[in-house]
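For reference, the chains in residue letters:
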Amino acid sequence: MGRRRKNRTHLKGGVASNPGSAEGVPKSFVIKHGQVGSSLAQLVRDFRKVMEPNTASRLRERARNKLRDFLTMAPALGVTHLLAFTLTDIAPSFRIVRLSAGPTLSFRVERYSLMKDIINSSRRARSMSTVEYLSPPLLVLASFPPPSPTTPPHLTLLMKTFQSLFPPLAPQTLALSSARRVVLVHYNAERGTVDVRHYLITVRPYGVSKRIRRVLEGAAAAPRARSSSAAASASTSAHTHAHGLDLGNEKDVADFLLRRKGEPGPGSGDGYESAASSASSAAGDDADAISLADDYVGRNNRRGAKRAVKLDEIGPRMELRLIKVVEGVPGREGGVLYHEFVKKSKSEVQKQKAEHAAKERLRKQRREEQERNVQRKKAALDGKKKGEKAADGDEDEDASENDEDAEEDEEMASAGEDYTDEGEGDDGMGEWDDDEMISEDEGSAREENGSESAEEVPRPPPKKLKTKSKW
């Protein structure tokens, strides 16, 4: 019995529950182009997690792969965006290519931080699972100028480009439990840069002090504490253990829960909050509190419950500067719509447009000529095939005619033999003598007998054999 082979039957995110929901959803390739270091390669892997689940998370680039290979393969797979990282002499570069007609936005990566850097530097590290990446993140655009006649056109294009990277948000049909992550794109007008942040949505009890929350979340925090990194264990307070809350130094649980505000606990590094922080955490902030519209992930996060929503940054983090916006895609660039450092006059812009239009006409002319050549060669090949088929058919017909003629000749030969035999039997006069005289009565009688015999056995005219030799 052969070995059973298991195929992949599980799809990502909402596609598994609703297969038709993937129609019209933007998909992306996140690749590295050229020779890059290990840090930039890790940034590519981290940014693929940001674009999950509508990206090729297991895509492997080879050294011989060119950017043209991805541009050729992407439309067949339904990919709408190509995000390429490369390393230049000045700084890392990041390009967003809208397939299949453009435009192409080129950025310079001023600064960036990896996911591991963000987690190691955070005070409370969270262990990420694959559940958070089963649904696309929510996009938040901040500090972008509203579209108006006075707004620079490249900023409007920049905002729409980031909007097209992620699926559109539909609050009426969005499941609350699928909102797990947030991507923040913030425009810094002073520096002229764009900051990209990646956050995880966390829901916590509202109106509960930090001490009581530690008791309530102790069991839930234990698995995360066991799988947390070394930075998380270093930032753990003196009264928390790797497996949950440690009350070994307390005489009673009331000493931990009912200690007066500002009163120090056992040990110098107690890690408890001050009076102000305790009061604020107990009372809560009305701006952070919401009533859940539906059930959410986590303990006791039921519909209608009042919870505080917070964002924990999980990385990566990038600061981008827009350098250039070009029509078309790499290899088929058009006019330059915007450049950070090069400014051209109106006459230069018109001249550049004319040059690009001439190049486009030449490219179109060559494409049409190539299509005509292909059609001509195809028609010639079809005609050649039809001629060969017709020649084969004529040869078959000639062979069949030769067979029929041979059969007819055989029949004629057999009929002639029968006729000669009958004539010899009826005569009985011996051989013909030229000197013998024949009277009129005998001649007429013989003519009549000859006509009667001719009428009785007609002799068909002989046919010539048709022969055709093949060389």
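Preceding this section is the structure that the text describes.
Residues numbered from 1 in each chain as written. Predicted model: local features only at pLDDT ≥ 70, side-chain atom pairs only at ≥ 80, totals over all residues. Heavy atoms only, no water.

Draft legend 1. How the structure looks around the environment of Val183. Structurally, the position occupied by Val183 is in strand E6 (residues 181-188). In the structure, Val183 is positioned 132 residues away from Gly315 in sequence and 9.8 Å away in space, judged by C-alpha atoms. Those residues in contact with Val183 that lie beyond four places of it in its chain are Val50, Pro137, Leu138, Leu139, Val140, Phe166, Val196, Arg197 and His198. (Helix = DSSP H or I, 4+ residues; strand = E, 2+ residues; numbered from the N terminus. Contact = heavy atoms within 4.5 Å.)

Draft legend 2. Structural detail: the pattern of salt bridges. Within the structure shown, the criterion is met by 10 salt bridges. In this structure, Arg48 engages Glu61 in a salt bridge whose closest nitrogen and oxygen atoms are separated by 2.7 Å. Placement of Arg48 in helix H1 (residues 38-50) and of Glu61 in the loop between H1 and helix H2 (67-73) is noted, with a sequence separation of 13 residues between them. With respect to burial, Arg48 and Glu61 carry one shared label: buried. Taking the shortest distance from any N to any O, the salt bridge between Arg363 and Glu360 comes out at 2.6 Å. Of this pair, Arg363 and Glu360 both sit in helix H10 (residues 346-427), three residues apart, which is roughly one turn of the helix. Its relative accessible area of 42% is what places Glu360 among the partly exposed residues. Among the charged side chains, a salt-bridge network with shared partners connects Lys32, Arg48 and Glu61. (Salt bridge = Lys/Arg side-chain N within 4 Å of Asp/Glu carboxyl O. Buried < 20%, exposed > 50% of the residue type's maximum accessible area, 1.4 Å probe, protein only.)

Draft legend 3. Region of interest: the pairing of strand E13 (residues 332-339). In this sheet, E13 lies alongside strand E12 (residues 317-329) in antiparallel orientation, the contact comprising five bridges. Paired with Gly328 across the strands is Glu333, a residue of E13. If you look at the hairpin formed by E12 and E13, you'll find two residues sitting between the two strands, and Gly331 has a positive phi there, around 95°. (Pairing = 2+ DSSP bridges.)

Geometry only, nothing functional implied.
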